[in-house]
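Each chain, letter by letter, is given below.
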Amino acid sequence: MERSKYFEEIRKLARENTKVTENGCWWWIGRARSGVYEDKYCKVRFDQLFSDGTRKRTQFYCHRLVYFGFNEILDMDSSLEISHLCGKRRCVNPAHLLAEENTTNQERRPCHNNNACSDYHSPTCITEF
Ligand SMILES: [Zn+2]
Ligand SMILES: [Zn+2]
């Protein structure tokens, strides 16, 4: 019960702090007014929920927090790397995020630089903007 409420809080936070762009990215805008369109990772302070039900204020990367919230994963300390299929670091759209190996994550970079995905990436990189 506590967990589902917690995950819902994360989803609410995401809805309230993002703007959907024309290409489907969820741009984290938060309270910032300027400099928000830079393609940089953003961070947010939010509670971490532990398996014993206790909470602790922690700083998260926005896209990691949203990924865990939407996928209802509590293991936030895990070494899972959360990749952006769209290559946009500020995007937190759960459909553009996935957990994968660092090497695969790194391999996606040329696809985004070239605006075309190499055919072996699964799921495919999102490069049509
Ligand atoms: Zn995106
Ligand atoms: Zn690719």
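Residues numbered from 1 in each chain as written. Chains lettered and ligands numbered in written order. Predicted model: local features only at pLDDT ≥ 70, side-chain atom pairs only at ≥ 80, totals over all residues.

## Remarks on the overall build of the protein
Point 1. The helix and strand tally for the protein stands at three helices and six strands.
Point 2. When the helices and strands of the protein are listed from N to C terminus, the series reads α-β-β-β-β-α-β-β-α.
Point 3. Its C-alpha atoms give the protein a radius of gyration of 15 Å, near enough to 14 Å, the size a compact globule of 129 residues would have.
Point 4. In terms of overall dimensions, the protein has a C-alpha envelope of 45 × 35 × 20 Å along the principal axes.
Point 5. Split into buried and exposed, the 129 residues of the protein put 24% on the buried side.
Point 6. In the protein, the proportion of contacts linking residues at least 24 apart, taken out of those at least 6 apart, comes to 43%. (Helix = DSSP H or I, 4+ residues; strand = E, 2+ residues; numbered from the N terminus. Rg over C-alpha atoms; globule rule 2.2 N^0.38 Å. Buried ≥ 20, exposed ≤ 12 C-beta atoms within 10 Å, placed from the backbone. Contact = placed C-beta atoms within 7 Å.)

## Some thoughts on the pairing of strand 3 (residues 43-49)
Point 1. When strand 3 meets strand 4 (residues 55-61), the two strands line up antiparallel, connected through seven bridges. Across the sheet, residue K43 finds its bridge partner in strand 4, namely Y61.
Point 2. Linking strand 3 to strand 4, which pair antiparallel, is a turn of five residues; within it G53 sits at a positive phi near 95°. (Pairing = 2+ DSSP bridges.)

## Here we look at helix 2 (residues 62-71)
Point 1. Where burial is concerned, most of helix 2 is hidden: eight out of the ten residues are buried.
Point 2. Restricting attention to buried positions, one finds in helix 2 the residues C62, H63, R64, L65, V66, Y67, F68 and G69.
Point 3. Of the surrounding secondary structure, the elements contacted by the buried residues of helix 2 are helix 1 (2-17), strand 2 (26-28), strand 3, strand 4, strand 5 (81-84) and strand 6 (97-100).
Point 4. After helix 2 finishes, the residue E72 shows a positive phi value of roughly 55°.

## Details of unusual backbone geometry
For residues other than glycine, phi is negative in most cases, and the peptide bonds are mostly trans.
Point 1. With omega at -5°, the peptide bond leading from S122 into P123 counts as cis.
Point 2. Within the secondary structure layout, P123 lies in the segment after helix 3 (102-114).
Point 3. Even without being glycine, N115 reaches a positive phi, approximately 55°.
Point 4. Mapped onto the elements, N115 comes out in the segment after helix 3.

## Here we look at the nonpolar core
Point 1. Counting 18 residues, the largest nonpolar core has C62, L65, V66 and V92 as its most contacted members.
Point 2. Of all the secondary-structure elements, those providing two or more residues to this core are helix 1, strand 2 and helix 2.
Point 3. For this core, the element with the most residues is helix 2, which contributes five residues.
Point 4. Setting aside residues no more than four positions away along its own chain, V92 makes contact with A14, T18, W26, W28, C62, H63 and V66. (Core = buried A, V, L, I, M, F, W, Y, C linked by C-beta atoms within 7 Å.)

## Some points on the environment of C111
Point 1. With respect to the element layout, C111 can be found in helix 3.
Point 2. Each C-alpha atom of the pair C111 and C86 lies 9.7 Å from the other, and the pair is 25 residues apart in sequence.

## Here we look at the environment of N114
Point 1. Within the secondary structure layout, N114 lies in helix 3.
Point 2. A C-alpha to C-alpha distance of 20 Å links N114 and G24, two positions 90 residues apart in sequence.

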